[in-house]
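Tertiary structure, described
The primary structure of each chain is shown beneath.
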Amino acid sequence: MPGLITKRGKRRWQGSVMIKGVRKLQLFPDATRESKRAAVKWEAETREQLEADLTSMESLTMLEWASKYLDFANNNFSIKTYKEKLSAFQRLGDFFGDVKVDSITPSKAMEFLGREHENRSGNAANKDRKNLVAAWNWASRYMDGFPSGIDNPFASVPKFREERQARYIPPKEDFDKVYAIAEGQDKVMLAVFLYLASRIKEVFNLRWSDVDFENNKVRLWTQKRRGGTREADWLPMIPELASSLKNWKAECPVKSDHVFICLDSTVFTEPYYGRPFTVRQHFMKKLCAKAGVIHFGFHAIRHLTASKLYHKGFPVSAIQALLRHKSPSTTNVYLKSIGAEFIRGSLEDVFSE
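Our subject in this report is the structure included herewith.

Reading guide: rules and limits
Residues numbered from 1 in each chain as written. Predicted model: local features only at pLDDT ≥ 70, side-chain atom pairs only at ≥ 80, totals over all residues. Heavy atoms only, no water. Core = buried A, V, L, I, M, F, W, Y, C linked by side-chain atoms within 4.5 Å. Buried < 20%, exposed > 50% of the residue type's maximum accessible area, 1.4 Å probe, protein only. Helix = DSSP H or I, 4+ residues; strand = E, 2+ residues; numbered from the N terminus. Contact = heavy atoms within 4.5 Å. Pairing = 2+ DSSP bridges. Patch = residues over 30% accessible without salt bridge, like charges linked within 9 Å, V, L, I, M, F, W, Y side chains within 5 Å. Areas by Shrake-Rupley, 256 points an atom, 1.4 Å probe, with all protein chains shown as cover. Salt bridge = Lys/Arg side-chain N within 4 Å of Asp/Glu carboxyl O. Lys, Arg positive; Asp, Glu negative; His and termini not counted. Charge placed at Lys NZ, Arg CZ, Asp CG, Glu CD. Phe/Tyr/Trp six-rings, centres within 6.5 Å; stacked < 30°, edge-to-face > 60°. Lys NZ or Arg CZ within 6 Å of the ring centre and 35° of its normal. Axes fitted to C-alpha atoms, helices over the stretch in contact; angles between N-to-C directions. Parallel < 35°, antiparallel > 145°, perpendicular 65-115°, else oblique. Nonpolar A, V, L, I, M, F, W, Y, C, P; charged D, E, K, R; others polar.

1. Focus: the nonpolar core
With 50 residues, the main nonpolar core has Val178, Leu190, Leu245, Phe260, Met284, Phe296 and Phe298 as its most contacted residues. With eight residues, the single largest contributor to this core is helix α7 (residues 184–196). For Met284, the contacting residues outside a window of four places in its chain are Val178, Leu190, His295, Phe296, Gly297 and Phe298. Judged by nonpolar contacts, the second largest core, of 28 residues, contains Met62, Ala125, Ala135 and Phe160.

Listed below in structure tokens is the structure:
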């Protein structure tokens, strides 16, 4: 039954419904009979809806929840993000089995994530927590029978302490050594990574239609934006990069829409000859070993470009534009580790005088 409460000196009717630990409250305008009748009606409707939700919830299994959400993720996020979410559900399934969704309480969520923290790392546990929080929130909004009135058990688990290693950013001298021994399209590819601060898939998916020699621009496509939407950005192409790409287009032995394609003719690579790259496993490791430098990957070149701009005093907004981050806070994460080395150099300059 509704009750009268006094709030800020004003008496008002308040409706209250609690079923199986789930409680809902609703305040009404005043202490009149009309408000009381509205509160009684609200309680009846809310109780009926809550009972229906809880009944539906009891019939849902974790497998049904996971299947629906992963179908959505597969259609709306990048392959990497989808696989990350799939792995989180696989670990959750290994821990719980195909249980009813309503059996996943905050204490059970803590038990699962705590085990991930202990057996893997705080970073790994927090990543699973992030994905499962998102999956629960999605289901509560869009999945029939998944009640929105129940608190997200994964969100109730506090984040674990993480130990993050600083990103390795190769010295420009090491990149130059690797670049000097690279040949053909390998050399051109490294130039694209350096001068455009490109992501790996952006380079592998680059087509000649994305290279505008007349206006000295290159178009890079990404799915790293929110929701996995495929978007393009045009970036300026400096003369050295333009020259390298023109020469490669003329010299490439196989005509293709893609700029970079597999040209190895070994037994293992023969099925992929003439097709665009999807991976280049061990390529940078071998090239770095041959150049006699510490191994670094393609993505480290993107960090190298950002660090060079930062050290030259370019504003975060300029670096953000090249890295094509939507938010400057994302760019600041990149520059955080770079800043420590920048300060070190500044201190060395000051105290060497």
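Once you've had a look at it, read on.
2. Considering unusual backbone geometry
Positioned with a positive phi, Ala197 is a non-glycine residue whose angle comes to about 50 degrees. As for its placement among the helices and strands, Ala197 is situated in the loop between α7 and α8 (200–204). Ala197 sits in the buried class, given a relative accessible area of 0%. Here the phi dihedral of His282 falls at roughly 70 degrees; this positive angle occurs in a residue that is not glycine. Topologically, His282 is positioned in the loop between α9 (239–251) and α10 (283–291).

3. Regarding the sheet that holds strand β6 (residues 231–236)
Strand order in the open sheet formed by three strands is β4-β5-β6, with antiparallel pairing between adjacent strands. A strand with exactly one partner marks an edge of an open sheet, and here the two such strands are β4 (211–212) and β6. When strand β5 (residues 217–222) meets β6, the two strands line up antiparallel, connected through six bridges. Among the inter-strand pairings, Lys217 is bridged to a residue of β6, identified as Pro236.

4. Notes on a positive patch on the surface
Judged by side-chain charge, Lys80, Lys83, Lys127 and Lys201 come together as a positively charged surface patch. Along the polypeptide, Lys127 turns up in helix α5 (residues 122–142). Overall, Lys127 belongs to the partly exposed group, its relative accessible area being 41%.

5. A look at the environment of Leu245
Examined against the element boundaries, Leu245 turns out to sit in helix α9. Measuring from C-alpha to C-alpha, the distance between Leu245 and Gln185 comes to 8.8 Å, with 60 residues separating the pair along the chain. When residues no more than four places from it in sequence are discounted, the contact partners of Leu245 are Val188, Val192, Trp208, Val211, Phe213, Met237 and Val259.

6. Examining the packing of aromatic side chains
Within this structure, the stated rule accounts for 22 aromatic pairs. Aromatic pair Trp65 and Trp136: ring centres 5.5 Å apart, planes at 80 degrees, arrangement edge-to-face. Highlighted residues: Trp65 in helix α2 (residues 62–76) and Trp136 in helix α5, separated in sequence by 71 residues. According to the relative accessible area criterion, Trp65 is buried, its value standing at 0%. Residue Trp136 is classed as buried on the basis of its relative accessible area of 2%. Against the face of Trp234 rests Lys217, its NZ or CZ located 4.9 Å from the ring centre. Taking the ring centre of Phe283 as reference, the NZ or CZ of Arg280 above it sits at 3.9 Å.

7. A few points about the packing of α7 against helix α11 (residues 298–311)
Viewed as axis vectors pointing N to C, α7 and α11 meet at an angle of 45 degrees, and their least axial separation amounts to 7 Å. Classified by the angle between their axes, α7 and α11 sit oblique to one another. Here Met189, Leu190, Phe193 and Leu194 of α7 come into contact with α11, specifically with Phe298, Ile301, Leu304 and Thr305. The residue makeup of the contact of α7 with α11, split by class, is seven nonpolar, one polar and no charged.

8. Section: the pattern of salt bridges
What the rule picks out here adds up to 14 salt bridges. A salt bridge links Arg37 to Glu34, with the shortest nitrogen-to-oxygen separation between them at 3.7 Å. One end of the pair, Arg37, and the other, Glu34, are both in helix α1 (residues 33–59), three residues apart, so they sit about a helical turn from each other. When its relative accessible area of 52% is taken as the criterion, Glu34 is described as exposed. Taking the shortest distance from any N to any O, the salt bridge between Lys108 and Glu111 comes out at 3.9 Å. Taken together, the positions of Lys108 and Glu111, both in helix α4 (residues 106–119) and three residues apart, correspond to about one turn of that helix.

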